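Listed below, chain by chain, are the residues.
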Amino acid sequence: MTARQDGPGTGTGPDSGFLVRIAAGPADTEACFAVRKEVFVVEQRVSEDIEYDGRDAWALQLLAIRADGVPLGTARLLYGPEAADRTGGDPSVGSLGRLAVVAAARGRGIGVALVRAVEDAARERGLTVVDLHAQSHALGFYERLGYAAYGPEFQDAGIAHRSMRRTLP
């Protein structure tokens, strides 16, 4: 996967640039976990037992880092037989999840870049659809990226969510 860097209007500059890449090795994985802990466990008070669900060992992790290597955001892609419970068993569907951007880096296009990088990775793996479970307050963010909500609202980790889907162009 080609790394993505932010462009004009999304926070470019000597100390605001960032790069999104597939996590490679234990240090990158730990950086992804650190972002998730800051956002989900500390900020949103999700239990660590729920946040770290055992899927990380085989999930594709993506990491957004500042030009100096500081982690800013993360997302993961679940696909294949291990993700059948999230994809309805459809091998053409991937599941985007654990999208998190640290509070200090929000509003700079990092979340958008992570979603697009997940979609690129999904395409590279032959997937044609990406599903996700969006926190209800974030529906507008995903809708602007082409995702459509379906099904009723549900609770996950005590937070209201909706299922969303996008067929990849």
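This text follows the structure it describes.
Criteria and cut-off values
- Residues numbered from 1 in each chain as written.
- Predicted model: local features only at pLDDT ≥ 70, side-chain atom pairs only at ≥ 80, totals over all residues.
- Heavy atoms only, no water.
- Helix = DSSP H or I, 4+ residues; strand = E, 2+ residues; numbered from the N terminus.
- Expected span 1.5 Å × (residues − 1).
- Bend = angle between axes of the 7 residues up to and from the residue.
- Buried < 20%, exposed > 50% of the residue type's maximum accessible area, 1.4 Å probe, protein only.
- Contact = heavy atoms within 4.5 Å.
- Phe/Tyr/Trp six-rings, centres within 6.5 Å; stacked < 30°, edge-to-face > 60°.
- 1 Å grid on protein atoms, 1.4 Å probe; cavity = no way out; pocket = protein on both sides within 12 Å on 5 of 7 lines; lining within 4 Å.
- Points joined across faces, edges and corners; volume = space filled by probe spheres on them.
- Nonpolar A, V, L, I, M, F, W, Y, C, P; charged D, E, K, R; others polar.
- Salt bridge = Lys/Arg side-chain N within 4 Å of Asp/Glu carboxyl O.

Participant: Kindly report on helix H1 (residues 26-43), identifying the contributing residues and their values.
Facilitator: Relative to the 26 Å expected for 18 residues at 1.5 Å per residue, H1 spans 24 Å between its end C-alpha atoms, a close match to the ideal helical length. Of all bends in H1, the biggest is about 35°, found at Lys-37. For H1, the complete set of buried residues consists of Asp-28, Ala-31, Cys-32, Phe-33, Val-35, Arg-36, Val-39, Phe-40 and Val-41. Contacts from the buried residues of H1 go to strand S2 (18-22), helix H2 (48-51), strand S3 (60-66), strand S4 (71-78), strand S5 (93-101) and strand S6 (129-135).

Participant: I'd like a rundown of unusual backbone geometry, residues and numbers included.
Facilitator: A positive phi angle is found at Arg-98, which is not glycine, with a value near 55°. Mapped onto the fold, Arg-98 is located in strand S5. Of note in the backbone geometry, Ala-157 takes a positive phi value of approximately 55° without being a glycine. By secondary structure assignment, the location of Ala-157 is in the loop between strand S7 (148-156) and strand S8 (159-167). Overall, the relative accessible area of 32% leaves Ala-157 in the partly exposed class.

Participant: Tell me about the packing of aromatic side chains, residues and numbers included.
Facilitator: Each aromatic ring pair is characterised by the separation of its centres together with the angle its planes make. In the structure shown here, the tally under the stated rule is three aromatic pairs. Judged by centre distance (5.3 Å) and plane angle (65°), the ring pair of Phe-33 and Tyr-52 falls under edge-to-face. Of this pair, Phe-33 sits in helix H1 while Tyr-52 is found in the loop between H2 and S3, placing the two residues 19 residues apart along the sequence. Since its relative accessible area comes to 24%, Tyr-52 is described here as partly exposed. Taking the centre distance of 4.9 Å and the plane angle of 75° together, the rings of Phe-141 and Tyr-142 count as edge-to-face. Judged by relative accessible area, Tyr-142 falls into the buried class, the value being 8%.

Participant: Go over the layout of surface pockets, please, and point to the residues and values.
Facilitator: In this structure, the largest pocket occupies an estimated 820 Å³ of space. Lining the largest pocket we find 37 residues, and of these Phe-40, Leu-99, Ala-100, Gln-135 and Tyr-142 sit closest to its centre. Elements that contribute at least two residues to the lining of the largest pocket include exactly H1, H2, S4, S5, helix H4 (110-124), S6, helix H5 (139-144) and S8. Broken down by element, the lining of the largest pocket gets its largest block of residues, seven residues, from S5. Looking at the lining of the largest pocket residue by residue, the class counts come to 19 nonpolar, 10 polar and eight charged.

Participant: Talk me through the pattern of salt bridges; I want residue IDs and the actual numbers.
Facilitator: Tallying each qualifying case throughout the model produces 17 salt bridges. The salt bridge involving Glu-43 is made with Arg-106; its shortest N-O contact spans 2.8 Å. In this pair, Glu-43 is assigned in helix H1 and Arg-106 in the loop between S5 and H4, connecting sequence segments 63 residues apart. Two residues, Arg-76 and Asp-53, come together in a salt bridge whose shortest N-O distance is 2.7 Å. In this pair, Arg-76 sits in strand S4 while Asp-53 sits in the loop between H2 and S3, placing the two residues 23 residues apart along the sequence. Looking at Arg-76, the relative accessible area reads 2%, which means it is buried.

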